[in-house]
Amino acid sequence: MSEWLLSRDFQEYRAAEIREGAVFFGNILLTKHDSEYFKGVTDMLREIVKLPMKMAQTKEEKDKAQMLVKAAFDQIEARILRAVVLEE
């Protein structure tokens, strides 16, 4: 499992998912939607970010997964701010 968590293919897939999710979230913040729609978007992003933690089984894998979760959150945070502040 560790090899897969850190594989280039998985990282590229996660990066694309995170990028699209953050842009989508930023667009939601700039438009009017009801609270259930907003909750759905945040739930989706939460699942994407925490995916490695759900996959990890050993302590070593969980340590690597925590690193991936932190990196994903940092990417989402930066992308959402850019989407909202710069309207990208």
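Structure shown above.
Residues numbered from 1 in each chain as written. Predicted model: local features only at pLDDT ≥ 70, side-chain atom pairs only at ≥ 80, totals over all residues. Heavy atoms only, no water.

## Things to note about the pattern of salt bridges
Logical step 1: For the structure shown, the criterion picks out seven salt bridges.
Logical step 2: Here E12 and R8 are joined by a salt bridge, their closest N and O atoms 2.8 Å apart. Here E12 pairs with R8, and both are found in helix α2 (residues 8-30), just four residues apart, close to one helical turn.
Logical step 3: For R8, a relative accessible area of 67% puts it in the exposed group.
Logical step 4: Taking the shortest distance from any N to any O, the salt bridge between D43 and R46 comes out at 2.6 Å. One end of the pair, D43, and the other, R46, are both in helix α3 (residues 35-55), three residues apart, so they sit about a helical turn from each other.
Logical step 5: Judged by its relative accessible area of 25%, D43 is partly exposed.
Logical step 6: The network of salt bridges with shared partners includes K39, D43 and R46. (Salt bridge = Lys/Arg side-chain N within 4 Å of Asp/Glu carboxyl O. Helix = DSSP H or I, 4+ residues; strand = E, 2+ residues; numbered from the N terminus. Buried < 20%, exposed > 50% of the residue type's maximum accessible area, 1.4 Å probe, protein only.)

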